[in-house]
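Residue-level structure breakdown
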Amino acid sequence: MEEAQRLGSRSIGPEHLLLGLLRQGDNAAFYMLKCRPVDMTALKEDLERTARGPGSPTRMALTQAAEQVIRYSVDIAESFTSREVEPEYLMLSLLRSDETILRRWGVDYNGFLKELV
């Protein structure tokens with residue numbers, strides 16, 4: 001929600017979830033992404049351009065795509081027999097989406113999953 005507010009978005013989308021993961025920084029998803037040939041600064045700028053909204057909203061809701069990402073993150077956590085949705089499960093869920101900006105940066109679901117297991 002913080003990323004959506006900061007960027008003046010009217011809703012919280014998958015790009016805001018990814019920006020939150022990147023801002024948090026100290027998690028397996030961040031380190032696995034950082035080990036790839038991805039310019040993290042340029043990626044953040046690309047995400048912010050995509051996620052920027054028209055102003056300061058008073059109320060925000062999750063987009064349908066963000067809801068789907070979160071639901072799938074829970075499924076992934078359960079498949080790893082985890083009681084918590086770890087950042088890496090959220091990243092896998094984001095990579096599963098056809099609309100993810102990460103594909104433009106050469107990051108894919110199967111490669112990330114292989115590194116995780």
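In this report, we go over the structure that sits alongside the text. (Residues numbered from 1 in each chain as written. Predicted model: local features only at pLDDT ≥ 70, side-chain atom pairs only at ≥ 80, totals over all residues. Heavy atoms only, no water.)

Points about the overall build of the protein
Secondary structure summary: the protein contains seven helices and two strands in total. In terms of C-alpha radius of gyration, the protein reaches 14 Å, essentially the compact-globule figure of 13 Å for 117 residues. When burial is assessed residue by residue, the protein has 44% of its 117 residues classed as buried. Across the protein, the fraction of contacts at a sequence separation of at least 24, relative to all contacts at a separation of at least 6, is 65%. Of the accessible surface of the protein, which amounts to about 7100 Å², a share of 46% is contributed by carbon and sulfur atoms. (Helix = DSSP H or I, 4+ residues; strand = E, 2+ residues; numbered from the N terminus. Rg over C-alpha atoms; globule rule 2.2 N^0.38 Å. Buried < 20%, exposed > 50% of the residue type's maximum accessible area, 1.4 Å probe, protein only. Contact = heavy atoms within 4.5 Å. Areas by Shrake-Rupley, 256 points an atom, 1.4 Å probe, with all protein chains shown as cover.)

Section: the packing of aromatic side chains
Scanning all chains against the criterion turns up two aromatic pairs. Arranged with centres 5.6 Å apart and planes meeting at 75 degrees, the rings of Phe30 and Tyr31 form a pair that is edge-to-face. Since its relative accessible area comes to 13%, Phe30 is described here as buried. Note on Tyr31: relative accessible area 43%, which makes it partly exposed. Ring centres 5.1 Å apart and planes at 20 degrees place the aromatic pair Phe80 and Tyr89 in the stacked group. Owing to a relative accessible area of 8%, Tyr89 belongs among the buried residues under this scheme. (Phe/Tyr/Trp six-rings, centres within 6.5 Å; stacked < 30°, edge-to-face > 60°.)

Concerning unusual backbone geometry
With a phi angle near 50 degrees, Thr81 is a residue other than glycine that sits in the positive phi range. Considering the arrangement of structural elements, one finds Thr81 in the loop between α5 (64–79) and α6 (87–96).

Keep in mind these numbers describe shape, not what the thing actually does.
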